[in-house]
Amino acid sequence: MKRSLVGLVVALSLSACSEEPRGQLEPIPRPPGLKEPPKPEAAAKPTEPPVDPSKLALRWKVAEGAPITYQLTLELGGAAASDEPAPAAAKDKKGKGKEAPKEKPAATTASTALPGAFTFVLEQGNSGDYKLRVIPTGKGAVEDLGTVSERGFVLDGLQGVTRNLATLVLELPHPAVGPQDTWQLGTELLTHGALGPQFAIVKEGRRNRVKLASLTPGEDGEQVARVEYDVIEQLQGKYTPRPKPPTVPARGGDEEESDGTPEHSLDPVDANAEVKIVGVGEFLVKAGRWRTWEGSISTTTKGPFPVPALQVPPGTLKLRLTALEAPPPPATPTAKPQP
């Protein structure tokens, strides 16, 4: 009796252990004749867009120890254009007209200080970027130093006229380009920060377009990229001339002296400026340098436009880039006399 009872307990224990847990779902068998769906394939890896064979990356190719040297000549093509009307006359305390102070033409001052040529020396740097030496002609001219990228973008150094001229003849497009593609230059021809409080901006305009006009085969597998430049900046505003302080009769004589009180303000006059750049160059894609480049800068002003705002020389200048076989030697600093 005891053995049968023990056997019954063991049998119940084994059946309880082998019982499947409650609530478990079993798969429904597929009806006969129905095919199984294909297994999902692994997600396809994203592929890069195919490279357009009609587009190229224009880049400078400077070998170590073999710098690229160009001379940019600036030839004055005409008198500096300036159409400056006479400023409005101020009135004194008696209501009589008084001659307004004459503004000095902007063109004359800037043109006389401009050198006739700049030499650009592009050489390889240790960090992968290129060093740029800008050497103006003329006695006492100071060499300027800068850093540019592989496409000629100015990274550091250079200011004003020097920076704009280097950008004009050295900067290439960032993306790969094909025929009829356009891009912009990093030029700043008219700076607002140098206008001063007497100048109020009325209207401004800008067109900055450089185009790869064509791409033709050359010798020894070379490709010649024809690049055309069309850049213009316009700035129109009102300039309020600075009034002179009034004068009072001096004691004991007929001469007049100022009492320090400002006169009635002069009326604002129109003061406008326009800078236009056109040019064309032939870039050797395989060699990574210009074969030819020439263009012109035309700057016109009207009224007493602030001279510091002009970041290119006034007047009409013809530009021509010529390759040199070797760069000039680095400038030697002048030794200071010992006390």
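The structure presented is a predicted model; accordingly, all values stated were derived computationally and were not measured. Every chain begins its residue count from 1, and numbering advances along the sequence as written. In keeping with the model being predicted, local features are shown solely for residues with a pLDDT of at least 70 and side-chain atom pairs are shown and tallied solely at 80 or more, while totals for entire chains, interfaces and linings include all residues. Side-chain figures throughout are based on the complete set of non-hydrogen atoms in the structure, without hydrogens or water.

Participant: Teacher, can you tell me more about unusual backbone geometry here?
Facilitator: Most peptide bonds are trans, and most residues other than glycine sit at a negative phi. The backbone of leucine 158 sits at a positive phi, close to 70°, despite the residue not being glycine. Here leucine 158 lies in the loop between β8 (154-157) and α3 (160-170). For glutamine 180, which is not glycine, the phi torsion reads 75° and is therefore positive. Of note, glutamine 180 is situated in the loop between α3 and β9 (182-183). Labels follow the DSSP assignment, with helices taken as runs of H or I lasting at least four residues and strands as runs of E lasting at least two, numbered in each case from the N terminus.

Participant: What am I meant to see in the side chain of asparagine 208 here?
Facilitator: Among the structural elements, asparagine 208 can be located in strand β10 (residues 199-217). Per-residue accessibility, obtained with a 1.4 Å probe over protein chains only, is compared with the maximum for each type, and a residue is labelled buried under 20%, exposed over 50%, and partly exposed between these values. Judged by its relative accessible area of 8%, asparagine 208 falls in the buried class. Within polar-contact distance, the side chain of asparagine 208 engages the backbone nitrogen of leucine 185 at 2.9 Å. We call two residues contacting when some pair of their heavy atoms lies within 4.5 Å. In contact with asparagine 208, not counting residues within four places along its chain, are Trp183, Gln184, Leu185, Thr187, Asp230 and Val231. A 3.5 Å cut-off defines polar contacts: any pair of N or O atoms within that distance qualifies, except that in protein one atom must be a possible hydrogen donor and the other a possible acceptor, and neighbouring residues in sequence count only when both atoms are side-chain atoms.

Participant: So what exactly am I meant to see when it comes to the nonpolar core here?
Facilitator: A general trend in soluble globular proteins is that nonpolar side chains are found buried together. Counting residues in hydrophobic clusters, the biggest one holds 55 residues, and the most contacted among them are Trp60, Phe120, Leu132, Trp290, Phe305 and Leu319. Sequence-distant contacts of phenylalanine 120, defined by excluding residues within four places in its chain, comprise Ile68, Thr69, Tyr70, Leu72, Leu132, Arg133, Val134, Leu165, Ala166 and Val169. The set of buried Ala, Val, Leu, Ile, Met, Phe, Trp, Tyr and Cys residues whose side-chain atoms join them within 4.5 Å is what this entry labels a nonpolar core.

Participant: Would you explain the pairing of β8 in this entry?
Facilitator: Each regular strand displays side chains that alternate between the two surfaces of the sheet. At least two bridges found by DSSP between two strands is the condition for calling them paired. In terms of strand pairing, strand β7 (residues 144-148) meets β8 through 3 bridges, oriented antiparallel. Within β8, the position partnered with glycine 146 by the bridge is glycine 157. Where β7 folds back on β8, the antiparallel hairpin that results is connected by 5 residues, among which glycine 152 adopts a positive phi of roughly 85°.

Participant: Looking at this structure, how should I read the pattern of salt bridges?
Facilitator: Opposite charge on two side chains lets them pair, provided their charged atoms get close. Each reported salt bridge corresponds to a side-chain nitrogen of Lys or Arg within 4 Å of a carboxyl oxygen of Asp or Glu. According to the stated counting rule, one finds 9 salt bridges in the structure shown. As a salt-bridge pair, arginine 207 and aspartate 230 come within 3.1 Å of each other at their nearest N and O atoms. Taken as a pair, arginine 207 in strand β10 and aspartate 230 in strand β11 (residues 223-239) lie far apart in primary sequence, 23 residues in all. Among the residues examined, arginine 207 registers a relative accessible area of 39% and is labelled partly exposed. According to the relative accessible area criterion, aspartate 230 is buried, its value standing at 18%. One salt bridge connects arginine 209 with aspartate 230, and the closest N-O pair in it is separated by 3.6 Å. Remark: aspartate 230 occurs in strand β11 and arginine 209 occurs in strand β10; sequence separation between them is 21 residues. Of the residues examined, arginine 209 reaches a relative accessible area of 42% and is grouped as partly exposed. Here the residues in one salt-bridge network are Arg207, Arg209 and Asp230, joined through shared partners.

Participant: What exactly am I supposed to notice about the environment of leucine 74 here?
Facilitator: Inspection of the secondary structure puts leucine 74 in strand β1 (residues 68-78). By relative accessible area, leucine 74 is classed as buried at 11%. Placed 244 residues apart in sequence, leucine 74 and lysine 318 show a C-alpha to C-alpha distance of 5.7 Å. Not counting the four nearest positions on each side in its chain, leucine 74 is found in contact with Leu114, Pro115, Gly116, Ala117, Phe118, Leu165, Leu317, Lys318 and Leu319.

Participant: Would you explain the confidence of the model for the protein chain in this entry?
Facilitator: Residues shown with low pLDDT carry predicted positions that ought not to be read at fine detail. Summary statistics for the protein chain give a mean pLDDT of 78 and a share of 66% for residues scoring 70 or more. The element-level mean pLDDT for the protein chain is lowest in helix α2 (residues 106-112), coming to 40, with β9 highest at 96. Low pLDDT (under 50) marks residues 79-112, which in the prediction has 54 contacts with non-local residues, meaning those over four places away or in another chain. As a per-residue measure, pLDDT tells how confident the predictor is, with possible values from 0 to 100. Residue range residues 333-339 is modelled with pLDDT below 50. Its contacts to residues more than four positions away, or to other chains, number 0 contacts.

Participant: For this particular structure, what's the right way to read the environment of glycine 157?
Facilitator: Tracing the backbone through its elements, the reader meets glycine 157 in strand β8. Linking glycine 157 and glycine 146, residues 11 residues apart in sequence, is a C-alpha distance of 4.3 Å. Apart from residues lying up to four places away in sequence, glycine 157 is in contact with Leu145, Gly146 and Arg163.

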